[in-house]
Protein chains: 12
Amino acid sequence: MVLNGPNLNLLGTREPALYGSATLADIEVQVRERAAALGASVTFAQSNHEGELVDLVQGIGGNAEGAIVNLGAYTHTSLALRDAFLAAPIPFVEVHLSNLFKREAERHHSVTADLAVGMVTGFGAAGYLLALEALVGVLRARR
Amino acid sequence: MVLNGPNLNLLGTREPALYGSATLADIEVQVRERAAALGASVTFAQSNHEGELVDLVQGIGGNAEGAIVNLGAYTHTSLALRDAFLAAPIPFVEVHLSNLFKREAERHHSVTADLAVGMVTGFGAAGYLLALEALVGVLRARR
Amino acid sequence: MVLNGPNLNLLGTREPALYGSATLADIEVQVRERAAALGASVTFAQSNHEGELVDLVQGIGGNAEGAIVNLGAYTHTSLALRDAFLAAPIPFVEVHLSNLFKREAERHHSVTADLAVGMVTGFGAAGYLLALEALVGVLRARR
Amino acid sequence: MVLNGPNLNLLGTREPALYGSATLADIEVQVRERAAALGASVTFAQSNHEGELVDLVQGIGGNAEGAIVNLGAYTHTSLALRDAFLAAPIPFVEVHLSNLFKREAERHHSVTADLAVGMVTGFGAAGYLLALEALVGVLRARR
Amino acid sequence: MVLNGPNLNLLGTREPALYGSATLADIEVQVRERAAALGASVTFAQSNHEGELVDLVQGIGGNAEGAIVNLGAYTHTSLALRDAFLAAPIPFVEVHLSNLFKREAERHHSVTADLAVGMVTGFGAAGYLLALEALVGVLRARR
Amino acid sequence: MVLNGPNLNLLGTREPALYGSATLADIEVQVRERAAALGASVTFAQSNHEGELVDLVQGIGGNAEGAIVNLGAYTHTSLALRDAFLAAPIPFVEVHLSNLFKREAERHHSVTADLAVGMVTGFGAAGYLLALEALVGVLRARR
Amino acid sequence: MVLNGPNLNLLGTREPALYGSATLADIEVQVRERAAALGASVTFAQSNHEGELVDLVQGIGGNAEGAIVNLGAYTHTSLALRDAFLAAPIPFVEVHLSNLFKREAERHHSVTADLAVGMVTGFGAAGYLLALEALVGVLRARR
Amino acid sequence: MVLNGPNLNLLGTREPALYGSATLADIEVQVRERAAALGASVTFAQSNHEGELVDLVQGIGGNAEGAIVNLGAYTHTSLALRDAFLAAPIPFVEVHLSNLFKREAERHHSVTADLAVGMVTGFGAAGYLLALEALVGVLRARR
Amino acid sequence: MVLNGPNLNLLGTREPALYGSATLADIEVQVRERAAALGASVTFAQSNHEGELVDLVQGIGGNAEGAIVNLGAYTHTSLALRDAFLAAPIPFVEVHLSNLFKREAERHHSVTADLAVGMVTGFGAAGYLLALEALVGVLRARR
Amino acid sequence: MVLNGPNLNLLGTREPALYGSATLADIEVQVRERAAALGASVTFAQSNHEGELVDLVQGIGGNAEGAIVNLGAYTHTSLALRDAFLAAPIPFVEVHLSNLFKREAERHHSVTADLAVGMVTGFGAAGYLLALEALVGVLRARR
Amino acid sequence: MVLNGPNLNLLGTREPALYGSATLADIEVQVRERAAALGASVTFAQSNHEGELVDLVQGIGGNAEGAIVNLGAYTHTSLALRDAFLAAPIPFVEVHLSNLFKREAERHHSVTADLAVGMVTGFGAAGYLLALEALVGVLRARR
Amino acid sequence: MVLNGPNLNLLGTREPALYGSATLADIEVQVRERAAALGASVTFAQSNHEGELVDLVQGIGGNAEGAIVNLGAYTHTSLALRDAFLAAPIPFVEVHLSNLFKREAERHHSVTADLAVGMVTGFGAAGYLLALEALVGVLRARR
C-alpha cells in the first residue's frame with residue numbers, strides 16, 4: 001500500500017522546482033516496476049480528505065503487509081491520522097519528496113514519524129523507491 | 001445525540017489496554033438502556049471526517065436537547081468544530097475514554113472543553129453513562 | 001470565484017452580534033450585483049470539509065482569474081489549504097467578517113495571508129464587496 | 001474517603017454563581033445517601049492546610065478503599081500532595097465543581113490528575129455523585 | 001481625517017517595489033476625489049513624531065467623524081498611541097500599503113487593530129480608497 | 001485588619017539592609033497611632049502557615065471593613081490565598097516593604113494584586129502607613 | 001517635580017471609569033496643597049512626546065530634590081526614559097492611577113520601577129498624594 | 001540539625017524502588033553514629049507542614065551550627081522556605097535521596113540550592129552521611 | 001554624518017564608569033581631526049526625540065556619503081528608525097560606547113544592526129574613530 | 001566518502017537494541033559491495049573528535065564526488081561542522097541508524113540536514129546502502 | 001577512574017575564589033590516600049579535548065569498575081559525551097567543585113547527570129572524596 | 001596573539017561573497033604591518049579543534065599582553081572556551097569578518113563577548129586591523 005495525502009495529485013504541475021516533474025502516475029509506474037523486481041506488489045491511493053485517509057489507514061491491515069506513506073501537509077497537523085496509525089497492525093515507512101529540513105519550521109515536525117520504521121526525505125520521486133526497498137527489507141527481516 | 005469522532009469506530013480492537021474492549025456498539029447499547037431508565041432517548045453518530053462532524057453539529061439543535069461528545073483527536077486540533085459548537089443552541093458534555101492527563105501533553109488541551117457544561121475523562125465506556133446522567137441532570141435543572 | 005469555509009453556511013443565524021444578520025445567500029446577491037457593475041462575474045462555493053476545499057482550490061485556476069477567500073476556522077489551522085494555494089496560478093484576496101484582531105490570539109494568525117494579495121477584515125458582509133473591488137483592481141493592473 | 005481542600009468550607013457562600021449554592025454539608029448528605037444506595041459508606045474531610053491534607057492522604061490507605069478528591073487551589077500547585085498520592089495504595093477520582101477549562105489558564109493544569117483514575121469537572125455538587133458512582137465501578141471491577 | 005505615521009512622507013521614493021510609486025500627495029488627491037464622490041470630505045496629516053501623532057489623535061474627535069489610520073512602524077510598538085485611540089470617541093479603519101503578513105514577524109502584530117473597526121492590508125494606495133469606502137459605510141450605518 | 005505572612009515575624013533582624021530595622025511590633029505601634037489619628041482601629045495578625053492565613057482571610061469579613069495585606073513569599077505562589085480573597089467581601093490594599101521590582105523576577109508577580117484596590121511597594125515600614133491612609137480613603141469614598 | 005506622560009492631559013475625560021473624573025489640573029491643586037502642608041513645593045509637567053520627557057528628566061536634577069513620576073504608556077516601552085533616569089541624581093516615586101495588575105499583561109512591567117524608590121498603584125488621584133508623602137519621607141530620612 | 005520535609009516520614013514504605021527501604025528512624029540512627037564518630041551531635045525533625053518547617057528554620061540559628069536539609073517536594077515550590085533560609089545565620093547542605101536529574105523536569109530546580117553550601121543527590125540514605133561529612137568539614141574550615 | 005541618539009548629550013557626566021569621561025563635544029573634536037587626516041569631513045547631530053532622528057535619517061542621503069550611528073536606547077526599540085534606514089541610500093556603521101554584550105539582555109539586540117555595514121562596540125569614545133576609519137574604507141572600496 | 005562521527009566506532013557493542021549488531025566494519029563491507037555493484041568506490045572515515053571531522057570535511061572536495069554522512073551526536077550541536085559543509089563543494093546525504101524521531105527532542109534537530117540533499121533515518125545499517133543508492137542517483141542526474 | 005574535563009588542569013590558579021587553591025595534583029593525592037584507606041585504587045585523567053574525553057569514556061569499562069567524573073564545561077553541552085556514557089558499562093558519580101546552582105542558568109543543566117548514580121556539587125576538592133566514598137558504597141552494594 | 005577558530009583556514013576560498021577573498025595569510029601580513037607601525041608584534045594561530053583552542057587560550061597569558069580573537073562557530077557554542085577566557089589574565093578584542101547580525105539568529109549570540117573589551121563585526125579583513133588598533137589603545141591606557 002502506498003498512501004498519498006493532500007495535493008500530491010498535483011505532482012508534476014505543482015511547484016516543479018521543489019517537487020520535480022514526475023506525476024503521481026509516473027511514480028506509481030516506477031514503484032510497481034521496482035516492486036515486481038523485488039517480488040512484491042503494491043496498491044496506490046491518494047486523497048485530499050483527512051477523513052478518507054483515516055478510513056484508508058483503518059483498513060490498511062487487511063489489505064497490505066506494510067505501507068509507504070506520504071501524508072503531505074497532514075504530516076504536520078493530523079492527530080487523527082496519528083491515532084489511526086497507532087491502531088494499524090503493520091509497519092510503514094514515511095517518505096517526503098522535498099527535504100523537510102529545507103522547508104519552513106512547521107514542516108520539520110511530523111506527527112507520525114515516531115510511529116514509522118523510518119523516514120526518507122529529500123530525494124524526489126526516487127524516495128518512493130528507496131522507501132520500498134527499505135520496507136521490503138524490514139518485512140523480510142521480520143518473517 | 002451522542003457524537004463520536006475519528007477512530008472511535010475501532011473501539012474494542014484499537015489499543016484495548018488503553019481504551020478497553022467494549023465496542024462502540026456495546027457502548028451504544030449501554031447508553032440506550034441507561035437513557036431509557038432515565039426517561040430519555042439517544043441518537044448515535046460517528047465519523048472520521050471533520051467536515052461531516054461539523055455538519056452533524058450544525059444540525060444538532062434540530063435533533064436533540066443536549067449532546068454527549070467525544071471528538072477523539074479532533075478534540076485537540078479542530079477550530080472548525082469549536083466554531084460549530086459556538087453556534088449550537090444546546091448544552092453538551094465532553095467525554096473521553098482514557099484519562100487525558102495520562103497522555104501526551106498535546107492531549108491535555110481541548111478546543112471545546114470551555115464550551116461544554118463539563119468533562120468526564122478516564123472511566124472508559126462507563127464515562128458515557130456518567131456523562132448521560134450529568135446531561136440529563138443539567139437539562140432537567142434548566143427546564 | 002468566492003470560496004467560503006466551515007460554518008459560513010450558518011451566516012445570519014450564527015452569533016449575529018459577531019457576524020451580522022446577512023446570510024451567505026444575501027452576500028452572494030450583493031457580490032453578484034457589484035461584480036456586474038464592475039464588468040465581472042462570480043462563482044460561489046462553500047464547504048465544511050477541508051478536503052473539498054482543497055479540491056476546489058486545486059480546480060480554481062481553470063475556473064477563475066482570481067478568488068475571494070474566507071476559509072473560516074481553517075484559516076488558522078490548514079497547511080493542506082496553504083499547499084493548495086501555493087500551487088494555484090491566480091491571485092486571491094482574503095476576507096474575514098469579524099475583525100480577527102478582536103478575537104482570541106489563535107485567530108490572529110492566518111496560514112494563507114502571506115500568499116494572498118492582501119486582507120480585508122472586520123467589515124462584515126461589506127468586506128466581500130471591498131475584496132471584490134480590490135481583486136478587480138489587481139487583475140486589471142496585471143493585464 | 002471524600003477529601004476537600006482549601007476554601008471548600010465556604011461552599012454555598014463563596015461565589016455562588018460559579019460554585020453553586022449547596023454547602024459542603026449539603027453535598028456530604030447527598031453523597032452519603034448515594035453511597036448507601038450503592039452499598040458503600042463514606043468519610044468526609046476538609047482542610048485549608050496543605051500539611052494537614054498531606055497527613056490525611058498519608059493515612060488514607062488504612063481508612064478507605066478509594067477516594068474522591070477535590071484539592072481546590074492546591075490542585076494546581078502542590079507537589080507535596082502529588083508525592084503523598086504517589087505513595088497512596090488506593091485509587092482515587094478527582095472532582096471539581098466548576099469547569100476548570102472555563103477558568104484561568106493556570107487552573108487547566110492539575111498536578112494530581114495523571115495519578116487519578118479520571119476526572120469529573122463542571123457539574124457542581126452533582127459531580128461528587130458522578131465521581132462516587134465512577135469510583136464504586138472501578139473498585140468493583142478490580143475485585 | 002487620514003492620519004499617516006513615520007516615513008510615509010517618503011512614499012514613492014522609499015522601496016517602491018514594496019510600497020508602490022504613488023506619493024502621499026498622489027494618494028491624498030485620490031482619496032479627496034473618492035470622498036467627494038461619496039459626499040464626504042477629508043483632512044490629511046503626517047508626522048514622524050510619536051508625540052505629535054498622539055496630539056493629533058487626542059484632537060481627532062473635534063475634527064472628524066471617523067479616521068483612516070496608517071501609523072507605519074508605530075503600529076507595532078506604540079502603547080501611547082493605543083492609549084490615545086482608547087480615549088478617542090470616533091471609529092477608525094486601519095490601512096497598510098504592504099501586506100503585513102508578508103513582512104517580518106514583528107510586523108504581524110498591531111497594537112491598535114483590535115480598537116479599529118477593521119483593517120485593509122496589502123493593496124497599496126488603493127487600500128486608502130477601500131478604507132474610505134468601508135469607513136463611510138460604517139458611519140452611515142451608525143446614524 | 002493588618003495581615004502579615006511568612007517570615008515577617010523576623011522583621012528587624014532579617015536582612016535589615018533590605019527590610020529595615022523596625023520590628024513588626026514597631027510597625028504595629030505606628031499603624032495603631034496613625035489609625036487613631038484617622039479615627040479607625042486595627043487588628044494585627046501574622047502567620048508562617050498558609051492554611052492559617054487562609055483561615056484568617058475567610059474570617060476577615062466578620063472582623064473588619066478592610067484589610068492591609070503583606071503575604072510575604074505567599075504573595076507569589078499561593079492560589080489558595082487568592083481563592084480566599086476572591087470570596088472575601090471587603091476591599092484590601094497590598095503592601096510590600098522592599099520594592100518588588102528590584103527583586104528577582106519571580107517576585108514581580110503577585111497572585112492577589114489584581115484583587116486588591118492597589119499596591120504600595122518599596123517604602124519600608126512607612127508603606128503600612130500609606131496603605132492605611134489609602135484604605136481609609138477608599139472606605140470613606142464607598143460609604 | 002511631578003512628571004506626567006502621554007495622554008495624562010486627557011484625565012477626567014479619558015475612560016473616567018478607569019482613571020477617575022479628576023483632571024490633571026485638579027490633581028495639581030491637591031498636590032500643591034498637600035505639599036504646602038508638608039513644607040514642600042512642587043513643579044508640574046506633562047508631555048505626550050517621549051523626547052520632551054527625556055529632556056525634562058535630564059534637567060530634573062537642577063530643578064528638584066525628588067520626583068513623582070507617571071510616565072503613562074511610556075512606562076512599559078521607553079528604554080530612553082530608563083536611561084535618562086539612570087543618569088538622574090535624585091530619588092523618584094512611581095505612581096499609576098489605575099491598578100497596573102488589573103490591566104493587560106504588557107502593563108504589568110515597568111522599565112523604570114526598579115530605579116524608583118517604590119511604586120504606588122491603583123488609588124486614582126489619591127495616589128499622587130501618597131507618593132508625595134512617601135517622597136518627602138524619603139528625602140527627610142536622607143538628610 | 002537534620003531537617004526533613006513532606007512525606008519523608010513515609011520512608012521505607014513509600015516507593016522503595018525509588019527511595020530505598022531504610023526508614024527515617026534508620027537514617028537517624030546512622031547519622032547519629034557517624035556524627036558521634038566525627039565528634040558532633042545532631043537533632044532530627046520532620047514535618048509535612050510548610051509553615052512548621054518555616055518555624056523550624058527560623059529557630060535553627062539558636063539550635064545548631066549547621067544543617068542538613070531535605071525539604072522533599074517543598075524544595076521545588078516554597079519561596080517561604082527560601083526566605084526563611086535567607087534569614088538563617090548558619091550554613092546548610094541540601095540532600096536528596098533519589099537523583100533529582102532522573103526525575104521529572106520540575107524536580108530539577110531547587111529554590112534553596114543556591115543558598116546551600118552544596119548538594120548531594122542520588123545516593124539514598126548514604127547521602128545523609130556524605131552531607132554530614134561535608135558539613136562538618138565546612139564548619140571546621142570556618143573556625 | 002555622525003548621528004547620536006537619546007541621552008548622548010549627557011556624555012561625560014552620565015555614568016562615567018560605564019560611558020567614560022569624554023563629552024560628546026570632545027568626541028566631535030577627535031572625530032573631526034581624524035576625518036581631516038583621512039581627507040573627509042563630518043557633520044554631528046544629536047537628539048533625544050525619535051521623530052527628529054527619523055527626520056535626520058530621511059535627510060541623510062542629501063547631506064552625506066555615509067554615516068556613523070549611535071542611536072542610544074532607540075537602538076533596541078525603534079522600528080520607525082529601522083524603516084528610515086531601510087529607505088536611506090548610504091552605508092552606515094553602528095557604534096556603541098559600552099560593550100552591549102555586558103549589558104542587560106534587551107540591549108543585546110539592535111533593530112538596525114543588520115542594515116549596517118558592521119558594528120563597533122565597547123571601546124568608548126575610541127569606537128567613533130574606529131567606525132570612521134571603517135566607514136572611510138568601505139566608501140573608498142565602493143568607488 | 002563515508003564520514004562517521006563520535007561513538008560510531010562502538011557499533012555492534014553499543015546499545016545493540018537501538019543501533020543493531022552490525023559493526024562499522026561490517027557496514028563498510030556492505031557499502032563497498034553495493035558501491036562496486038553501482039560502479040562506484042568509497043572511502044570510510046570515523047572520528048570522535050569534532051576538529052578532526054572538520055578537517056575531514058574541509059578536505060572532502062579533493063577526495064570525493066559526494067559524501068554519506070553520519071555525524072552522531074555532533075549532528076545536533078556542531079555549528080563548526082555546519083560551517084565546514086557550507087564550504088564543501090560536493091553534495092552529501094545524511095544517514096542515521098536509529099529513527100531520530102523516536103529519540104529525545106534534542107535529537108530531532110540536525111544542524112546539517114538543510115545542507116544535505118536529503119536524509120535517511122531509522123533503517124539501521126541498511127540506511128547506508130539506501131543513502132549510497134540515493135547519492136549515486138543524484139550524482140548521475142547532475143552529470 | 002577519575003575523569004576531568006576542560007580547564008581543570010588550571011585548578012589552583014583559575015579563579016581561586018570560585019574553585020579553591022588546591023591543584024588537580026593536590027586533589028589526586030588526596031583521592032589516592034582516601035582510596036587506599038577504602039581498599040581501592042584510582043587512575044586520574046584530564047583533557048581539554050572533547051574527542052579525547054570520548055575516547056577515554058569508551059575505554060573506561062576495561063580499566064575501571066566505576067568512575068568519578070567532572071566534565072567541566074562539557075557537562076552542559078556535549079551530547080557526544082552523553083552518548084559515550086550511555087554505552088559505558090560501569091556506574092559513575094558526577095562531581096563539581098563549585099555549587100552549580102550558584103552559577104549562571106546554563107550551568108544548572110547537565111547532559112550526563114541523569115545517567116550518573118548521583119551528583120556531589122559545591123564542596124570544592126572535598127567533593128572528590130565524598131564522590132569516592134559514595135562510589136565505593138555503590139560498588140560494594142552491587143557485588 | 002591573534003587566535004582564529006574553525007574553518008578560518010579556508011578564508012579566501014570559503015563563501016567569498018560572505019567572507020571576502022583575502023586568505024588568512026593575507027590578513028596575517030596586513031596585521032603584522034599595522035602592528036609594526038604601532039610598535040607592537042603579533043603571533044598568529046588557527047585551529048579547527050576546540051581542545052587545541054582551549055590549550056592556546058590557557059597559554060595566552062605567558063605569550064602575549066592582549067589578544068584578538070575570532071573563534072568562528074565556537075563563538076556561539078563553546079562554554080569550554082568561555083571558561084578558558086574567564087581564567088585568562090589579559091584583555092582581548094573579539095572580531096568577526098561578516099556582520100553577525102545579518103546571519104542566522106543563533107549567530108547573534110556570543111558566549112565570550114561579555115568577557116571581551118569589545119567587538120568589531122562586519123568589516124571583513126579590515127576588522128582585524130581595527131581590532132588591533134583598539135587593543136593597542138586599551139593596553140596603552142592600562143599602563
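Our subject is the structure listed above.
A few points on the structure. Being a predicted model, the structure only gives us computed values, none of them experimental.

**Some thoughts on the overall build of chain A**
If you tally the helices and strands in chain A, you get seven helices and five strands. Going residue by residue from the N terminus, the α and β elements of chain A occur as β-α-α-β-α-α-β-α-α-β-β-α. For 143 residues, the compact-globule estimate of 2.2 N^0.38 gives 15 Å, and chain A sits close to it at 14 Å. Taken along the three principal axes of its C-alpha coordinates, chain A extends 40 × 35 × 25 Å. Out of the 143 residues belonging to chain A, those deemed buried represent 63%. Restricting to contacts in chain A with at least 6 residues of sequence separation, those with at least 24 account for 75%. The distance from the centre of the 10 positive side-chain charges to the centre of the 14 negative ones in chain A is 7 Å.

**Description of the interface of chain A and chain J**
The interface is formed by 19 residues belonging to chain A together with 19 residues belonging to chain J. Of the roughly 1700 Å² buried at the junction of chain A and chain J (both faces included), carbon and sulfur atoms supply 62%. Where Arg34 of chain A meets Glu133 of chain J, a salt bridge forms, and the shortest distance between an N and an O atom there is 3.2 Å. Mapped by element, the contributors of at least two residues to the side of chain A that touches chain J are strand E5 (118-121) and helix H7 (126-142) of chain A. Among the residues making up the side of chain A that touches chain J, the classes are represented as 10 nonpolar, five polar and four charged.

**Side note on the interface of chain J and chain L**
The figure often quoted for interface size is the accessible area lost as the parts come together. Taken together, the contacts link 14 residues of chain J with 16 residues of chain L. Summed over both sides, the interface of chain J with chain L buries roughly 1300 Å², with 50% coming from carbon and sulfur. When the area that chain J buries against chain L is broken down by residue, the three leading residues are Gln58, Leu79 and Asp83 of chain J, summing to 44%. The tally of links between chain J and chain L comes to two salt bridges.

**A few points about the layout of surface pockets**
Of the voids in this model, the largest pocket is the one considered here, and its volume is about 1100 Å³. The wall of the largest pocket is formed by 43 residues, among which Thr77 and Leu79 of chain D together with His76, Thr77 and Glu106 of chain H lie closest to the centre. The set of elements that each furnish at least two residues to the lining of the largest pocket consists of helix H5 (74-77) and helix H6 (79-86) of chain D, helix H5 (74-77) and helix H6 (79-86) of chain F together with helix H5 (74-77) and helix H6 (79-86) of chain H. Looking at the lining of the largest pocket residue by residue, the classes come out as 13 nonpolar, 18 polar and 12 charged. By volume, the second largest pocket amounts to about 900 Å³. In this structure, the second largest pocket is lined by 36 residues; those nearest its centre are His76, Thr77, Ser78 and Val111 of chain A together with Thr77 of chain B.

**Considering the sheet that holds strand E4 (residues 92-96) of chain G**
Strands sit in the order E2(F)-E1(F)-E3(F)-E4(F)-E5(F)-E5(G)-E4(G)-E3(G)-E1(G)-E2(G) across an open sheet of 10 strands; the sheet is mixed. Only two strands of the sheet have a single partner each, and these edge strands are strand E2 (44-46) of chain F together with strand E2 (44-46) of chain G. The sheet shows a mean angle of 20 degrees between the axes of neighbouring strands, direction not considered. Both strand E3 (residues 67-70) of chain F and strand E4 (residues 92-96) of chain F contribute to a ladder of three bridges, which runs parallel. Counted as the bridge partner of Ala67 of chain F is Phe92 of chain F from E4 of chain F.

What counts as what
- Residues numbered from 1 in each chain as written.
- Chains lettered and ligands numbered in written order.
- Predicted model: local features only at pLDDT ≥ 70, side-chain atom pairs only at ≥ 80, totals over all residues.
- Heavy atoms only, no water.
- Helix = DSSP H or I, 4+ residues; strand = E, 2+ residues; numbered from the N terminus.
- Rg over C-alpha atoms; globule rule 2.2 N^0.38 Å.
- Buried < 20%, exposed > 50% of the residue type's maximum accessible area, 1.4 Å probe, protein only.
- Contact = heavy atoms within 4.5 Å.
- Lys, Arg positive; Asp, Glu negative; His and termini not counted.
- Charge placed at Lys NZ, Arg CZ, Asp CG, Glu CD.
- Buried area = accessible area lost by both parts, 1.4 Å probe.
- Salt bridge = Lys/Arg side-chain N within 4 Å of Asp/Glu carboxyl O.
- Nonpolar A, V, L, I, M, F, W, Y, C, P; charged D, E, K, R; others polar.
- 1 Å grid on protein atoms, 1.4 Å probe; cavity = no way out; pocket = protein on both sides within 12 Å on 5 of 7 lines; lining within 4 Å.
- Points joined across faces, edges and corners; volume = space filled by probe spheres on them.
- Pairing = 2+ DSSP bridges.
- Axes fitted to C-alpha atoms, helices over the stretch in contact; angles between N-to-C directions.

Function cannot be inferred from these measures alone, as they are strictly geometric.
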